[in-house]
Amino acid sequence: MCARHPDRPTGLRCTRCDRPSCPECLREASVGYQCVDCVADGRPAARRTVRPAARASRVPVVTTSLIAVNVVVFLLTVVQAGSLNQNSSSPLFRDWSLIPAAVAGGEWWRVVTAGFLHFGLLHLLFNMLALWVIGRDMEVFLGRARLLGIYVVALLGGSAAALLFYGPTAQVAGASGAVFGLMGGLAVVLRRMNIPATQVIVVIGINIVLSITLPGVSLIGHVGGLVVGAVATAAVVYAPARNRNALQAGALALLAVLAIVVMLVAA
């Protein structure tokens with residue numbers, strides 16, 4: 001929990017006092033990021049600087065909205081199928097899930113819509129819990145637009161990997177590719193802040209192992225989203241100060257185009 005906001009869980013820490021701190025309470029320092037208390041104690045030697053992305057509202061609007069869309073789509077499939085855990089039999093699921101042969105036939109919307117479908121309640125709950133825990137801190141630290149951009153690019157990366165490596169009749173769905181992208185992104189953010197990312201890397205490793213051992217889990221989609229999400233986040237947090245916004249937008253757009261090119265080739 002954040003030392004100044006006990007109601008906010010966080011995986012970030014001040015590089016000076018090592019206290020847990022939420023993104024709102026961290027400020028960029030000469031080495032890593034320090035909490036506002038340490039910044040205040042260090043004045044006037046340490047000048048307070050705030051990255052533009054860190055000025056975003058504390059309300060995780062994008063994260064909450066993404067969760068809401070996923071839940072609404074899930075409920076629609078449940079109503080159509082008349083079953084909570086067999087919702088994949090619904091017409092919406094059949095029309096929106098990622099099936100390589102259908103994408104090759106021109107149904108390109110599936111590479112995006114598949115990221116908002118889930119096979120049963122547990123699949124939805126696991127993904128939405130991970131999205132909430134990771135997404136809210138990432139959103140406050142990076143800003144709404146950057147988080148959304150990374151999420152979308154990671155989703156496309158997972159879809160591209162699935163199209164490239166799965167057979168034509170495979171059916172892939174879930175927000176896992178995008179969520180794995182945020183996991184990779186969080187590791188990059190911690191590295192940028194000179195904070196050990198060991199816990200995040202362990203969590204990623206456990207999830208990769210589960211993706212290998214559990215039947216019916218899209219390992220390829222997870223890895224694709226993880227790699228693209230980490231690269232996208234690195235492009236955002238390591239962008240130079242000069243023309244930062246333009247460079248960040250250009251990098252995310254380039255990654256999206258590359259993912260689309262891979263999908264075109266695979267299809």
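So, how was this worked out
- Residues numbered from 1 in each chain as written.
- Predicted model: local features only at pLDDT ≥ 70, side-chain atom pairs only at ≥ 80, totals over all residues.
- Heavy atoms only, no water.
- Helix = DSSP H or I, 4+ residues; strand = E, 2+ residues; numbered from the N terminus.
- Rg over C-alpha atoms; globule rule 2.2 N^0.38 Å.
- Buried < 20%, exposed > 50% of the residue type's maximum accessible area, 1.4 Å probe, protein only.
- Contact = heavy atoms within 4.5 Å.
- Phe/Tyr/Trp six-rings, centres within 6.5 Å; stacked < 30°, edge-to-face > 60°.
- 1 Å grid on protein atoms, 1.4 Å probe; cavity = no way out; pocket = protein on both sides within 12 Å on 5 of 7 lines; lining within 4 Å.
- Points joined across faces, edges and corners; volume = space filled by probe spheres on them.
- Nonpolar A, V, L, I, M, F, W, Y, C, P; charged D, E, K, R; others polar.

1. Examining the overall build of the protein
Along the backbone of the protein there are 11 helices and 2 strands. Listing each helix as α and each strand as β along the protein from the N terminus yields β-β-α-α-α-α-α-α-α-α-α-α-α. Against the globule reference of 18 Å for 267 residues, the protein gives a C-alpha radius of gyration of 19 Å, in line with a compact fold. Principal-axis analysis of the C-alpha atoms gives the protein an extent of 65 × 35 × 30 Å. Residue burial in the protein is summarised as follows: out of 267 residues, 48% are buried. For the protein, the proportion of contacts with a sequence separation of at least 24, taken over those separated by at least 6, is 65%.

2. Description of the packing of aromatic side chains
This structure, assessed with the given rule, holds 1 aromatic pair. A ring pair is formed by Phe93 and Phe119, whose centres lie 4.8 Å apart and whose planes are at 55°; its orientation type is tilted. Here Phe119 lies in the loop between helix H5 (110-113) and helix H6 (120-142) and Phe93 lies in helix H3 (residues 91-96), a separation of 26 residues in the sequence. Accessibility expressed as a relative area gives 0% for Phe93, which makes it buried. What makes Phe119 partly exposed here is its relative accessible area of 34%.

3. Some words on the layout of surface pockets
Each pocket or cavity is described by its volume, and for the second largest pocket that value is around 220 Å³. Along its surface, the second largest pocket is lined by 13 residues, and Gly157, Ala160, Val228, Ala259 and Val262 are the ones closest to its centre. When residues of the lining of the second largest pocket are traced back to their parent elements, those giving at least two are helix H7 (144-165), helix H10 (219-237) and helix H11 (244-266). If you tally residues by element for the lining of the second largest pocket, the top one is H7, at 5 residues. When its residues are assigned to classes, the lining of the second largest pocket shows 11 nonpolar, 2 polar and no charged.

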